[in-house]
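Observations on the model geometry
Listed here are the chains, written in short residue letters.
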Amino acid sequence: MELRSYFQKLFTSGENIDMLEALDAVEPVVTVDMNSQLRKPFTKEEIAQALSQMHPLKAPGPDGMSALFYKKAWSIVQNDLC
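Scoring rules and cut-offs
Residues numbered from 1 in each chain as written. Predicted model: local features only at pLDDT ≥ 70, side-chain atom pairs only at ≥ 80, totals over all residues. Heavy atoms only, no water. Helix = DSSP H or I, 4+ residues; strand = E, 2+ residues; numbered from the N terminus. Rg over C-alpha atoms; globule rule 2.2 N^0.38 Å. Buried < 20%, exposed > 50% of the residue type's maximum accessible area, 1.4 Å probe, protein only. Lys, Arg positive; Asp, Glu negative; His and termini not counted. Charge placed at Lys NZ, Arg CZ, Asp CG, Glu CD. Phe/Tyr/Trp six-rings, centres within 6.5 Å; stacked < 30°, edge-to-face > 60°. Core = buried A, V, L, I, M, F, W, Y, C linked by side-chain atoms within 4.5 Å. Axes fitted to C-alpha atoms, helices over the stretch in contact; angles between N-to-C directions. Parallel < 35°, antiparallel > 145°, perpendicular 65-115°, else oblique. Left-handed = near helix turned anticlockwise from the far one by under 90°. Contact = heavy atoms within 4.5 Å.

- As annotated in an unreviewed UniProt entry, the protein carries the name Reverse transcriptase and is attributed to Perilla frutescens var. hirtella.

**Examining the overall build of the protein**
- Along the protein, the regular secondary structure elements total six helices and zero strands.
- In the protein, the succession of helices and strands from N to C terminus is α-α-α-α-α-α.
- The C-alpha radius of gyration computed for the protein amounts to 22 Å, which surpasses the reference 12 Å derived for 82 residues by more than 25%, pointing to a less compact arrangement than a globule.
- Overall size of the protein, expressed as C-alpha extent along the three principal axes, is 55 × 40 × 20 Å.
- Across the 82 residues that make up the protein, the buried fraction comes to 10%.
- Averaged over its 8 positive side-chain charges, the protein has a centre that lies 14 Å from the centre of its 11 negative ones.

**Focus on the packing of aromatic side chains**
- As enumerated under the stated definition, the model contains three aromatic pairs in all.
- Seen in terms of ring centroids, Y6 and F7 are 5.0 Å apart; in terms of plane orientation they differ by 80°. Their pairing is edge-to-face.
- Geometrically, the ring pair formed by F7 and F11 is stacked, given 6.2 Å between the ring centres and 10° between the ring planes.
- Among the residues examined, F7 registers a relative accessible area of 38% and is labelled partly exposed.

**Remarks on the nonpolar core**
- L51, A67, Y70, A73, W74 and V77 form the largest nonpolar core, which has six residues in total.
- At the level of secondary structure, the elements contributing two or more residues to this core comprise α5 (67–72) and α6 (74–81).

**Describing the packing of helix α4 (residues 44–52) against α6**
- Between α4 and α6, the shortest axis-to-axis distance is 11 Å and the interhelical angle comes to 130°. Taken together, the axes of α4 and α6 are oblique relative to one another. Here the hand of the crossing between α4 and α6 comes out right-handed. Of the residues in α6, those in contact with K44, I47, A48 and L51 of α4 are W74, Q78 and N79.

Printed below as a string of structure tokens:
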């Protein structure tokens, strides 16, 4: 119980901070136009380009498949994925 109390105090802010007030002090870098571009859905071409730049055997996805599988089977799976 004492250990839990220690870490709760350690990782809890002592005061309530108004995040909107804090964010008002941060000057925005992303413009409205940039944000609208970032919010657009990915195109099939963009996904294919990103896939082509991935190392084929590193970091398998959550499904356990590596980029190599998707590169080799792109013509078959692209419509299902996109």
